[in-house]
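Listed below are the residues making up each chain.
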Amino acid sequence: MTAERIDGKIFAEGLRGRVGVLAAEFTARTGRKAGLAVVLVGEDAASQVYVRSKGKATIEAGMAGFEHRLPADTPEADLIALVETLNADPTVDGILVQLPLPAHCDEGKVIATINPDKDVDGFHVINAGRLAVGQAGFVPCTPLGCLMLLRDRLGDLSGLDAVVIGRSNIVGKPMAQLLIAQSCTVTVAHSRTRNLADVVRRADIVVAAVGRPEMVKGDWIKPGATVIDVGINRVGGSEPGKTRLVGDVDFAGASAVAGAITPVPGGVGPMTIAVLLRNALVAAYRNAGIDLPENAI
Ligand code: NAD
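A brief structural summary. Just so you know, these numbers come straight off a predicted model, no measurement behind them.

Overview of the side chain of T58
The topology assignment puts T58 in helix α2 (residues 45-60). Within the local environment of T58, its side chain forms a polar contact with the backbone oxygen of K54, the two atoms lying 2.6 Å apart. Those residues in contact with T58, other than ones at most four positions away along the chain, are L36, M63, A64, G65 and L277.

Next comes the structure, spelled out in structure tokens:
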């Protein structure tokens, strides 16, 4: 069997297109653009790339992007004061504080300052709680993107066995909550799980979010399963031209067994920014008190 390749790039382009149409409609109805503020503290190279591409994508979607770059030694109190200013700003619908923060800033405290109704990353405990009890809130972008790809490929997920490898607050845990809400039977595996290969072999759906290159082998996969590879790992050394990106799944091995699989790159990666734009637009509609049809995006 050769697995179908789940093309996250094409899906993400479609989602961004739908967000763009609804963003224009929002502007027509309210006389202002939906606004997304991104805060970056310090000079972390990867974070700078992420923030730049988020800003560009925001503008391309027809929304207003507000970028706040602060020096690495910004006192925590100043960062919190900025978040409070953004909370109070009616032109800002969504606020994203790029992580990681410098060591002297308490990430939990900063995230807790964000108004949960502007928390488009879905990291605030109020939004984690809303997800856990099935209330409308904001769901972290990466797992929500994974769910969109799964729904697109499989339709109704109810009754399926799903294994999520990884239990981080950003990916693994919210992914498990989303799959429970879809009536899957969910197993969350992590670094202490015994016989991981056997656990994975039971699964109709495998979501790998570990951060270990090609850890999940082809012979762990149940024939016909759908595999979502969240991992982004750089391998091959730092010499230019030698580095390549691989996922947490052995793509060649798993492709021979699975029904469908996301590639790395080009699978889950492009979904994350597209879902961020989607969340920002949803925030704008909610904050303006305008109904957005349930499954519009
Ligand atoms: P994390 O380090 O916070 O969590 C990793 C999880 O893997 C932990 O819960 C740990 O228990 C589990 N784990 C570690 N070793 C294991 C093992 N041997 N067997 C089973 N489980 C094990 O990472 P994260 O933030 O959840 O990210 C996971 C991966 O996803 C990383 O490669 C990251 O780069 C990638 N990621 C991609 C996107 C995207 O946009 N595509 C977004 C976020 C994270």
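Structural notes on the site of the ligand
Taken together, 21 residues sit near the ligand, with R167, S168, H190, S191 and T272 positioned nearest. The side chain of R212 places a nitrogen or oxygen atom 3.1 Å from a nitrogen atom of the ligand. A distance of 3.1 Å is found between an oxygen atom of the ligand and a backbone nitrogen or oxygen belonging to I232. In isolation the ligand has 860 Å² of accessible area, and contact with the protein removes 72% of it. Class assignment for the residues of the shell around the ligand results in 9 nonpolar, 10 polar and 2 charged.

Points about the environment of L82
Along the chain, L82 turns up in helix α3 (residues 76-88). A residue is classified by how much of its surface remains accessible, and L82, at 15% relative accessible area, is buried. In the structure, L82 is positioned 10 residues away from V92 in sequence and 12 Å away in space, judged by C-alpha atoms.

Details of the sheet that holds strand β11 (residues 260-261)
Within the open sheet, the 6 strands sit side by side as β1-β11-β8-β7-β5-β6. Their pairing is parallel. The open sheet has two edge strands, β1 (4-5) and β6 (185-189), and neither has a second partner. For strand β7 (residues 205-208) and strand β8 (residues 226-229), the ladder comprises 4 bridges, and the chain directions are parallel. Residue pairing across strands places V206 opposite V227, the latter belonging to β8. Sitting on the sheet, helix α6 (residues 141-154) is in contact with β1, β7, β8 and β11, with an inclination near 160 degrees to β8. Those strands touched by helix α7 (residues 172-181) are β5 (161-165), β6 and β7, and its axis lies near 170 degrees from that of β5.

A word on the sheet that holds strand β4 (residues 94-97)
Across the sheet, which stays open at both edges, the 3 strands sit in the order β3-β2-β4 with parallel pairing between neighbours. Taken across any chain shown, the strands that pair with only one partner, and hence form the sheet edges, are β3 (64-70) and β4. The average angle at which neighbouring strand axes cross in this sheet is 15 degrees, direction not considered. Of the pairings in the sheet, the one linking strand β2 (residues 35-41) to β3 comprises 7 bridges and is parallel in character. Bridge pairing in β3 links V38 to E67. Along the sheet face, α3 touches β2, β3 and β4 and points at about 180 degrees away from the line of β2.

Quick notes on the packing of α2 against helix α10 (residues 269-287)
Orientation of α2 relative to α10, taken along the N-to-C sense of each, is 50 degrees, at an axis distance of 10 Å. Viewed along their axes, α2 and α10 adopt a mutual orientation that is oblique. For the crossing formed where α2 meets α10, the hand is right-handed. On the side of α2, the interface is formed by S53, K54, A57 and T58, while α10 contributes I273, L276 and L277.

Definitions and limits used
- Position numbers for residues count from 1 along each chain, tracking the sequence in the order it is written.
- Given that this is a predicted model, residues contribute local features only at a pLDDT of at least 70 and side-chain atom pairs are listed and counted only at 80 or more, while totals for whole chains, interfaces and linings are drawn from all residues.
- The side-chain values count all of the structure's non-hydrogen atoms but skip hydrogen atoms and water molecules.
- Working definition: helices are DSSP H or I runs of at least four residues, strands are E runs of at least two. Numbering for both runs from the N terminus.
- Between N or O atoms, a polar contact is any pair within 3.5 Å; within protein, one atom must be a potential hydrogen donor and the other a potential acceptor, and residues adjacent in sequence are included only when both atoms are from side chains.
- We call two residues in contact whenever any of their non-hydrogen atoms come within 4.5 Å of each other.
- The cutoff for a nearby residue is simple: one of its non-hydrogen atoms must lie within 4 Å of the molecule or strand.
- Only the protein chains shown count as cover for residues, and all accessible areas are computed by the Shrake-Rupley method using a 1.4 Å probe.
- The nonpolar class holds Ala, Val, Leu, Ile, Met, Phe, Trp, Tyr, Cys and Pro. Asp, Glu, Lys and Arg form the charged class, and all remaining residues, Gly among them, are polar.
- With a 1.4 Å probe rolled over the protein chains alone, any residue whose accessible area is under 20% of its type maximum counts as buried; one over 50% counts as exposed, and the rest are partly exposed.
- Two strands are said to pair when DSSP picks up at least two bridges between them.
- Only C-alpha atoms enter the line fits that serve as axes; for helices the fit covers just the stretch in contact. Angles between N-to-C directions range over 0 to 180 degrees.
- Each angle gets one of four labels, with under 35 degrees taken as roughly parallel, over 145 as roughly antiparallel, 65 to 115 as roughly perpendicular, and the rest as oblique.
- Left-handed describes a crossing in which the near helix is turned anticlockwise from the far one by less than a right angle; the clockwise case is right-handed.

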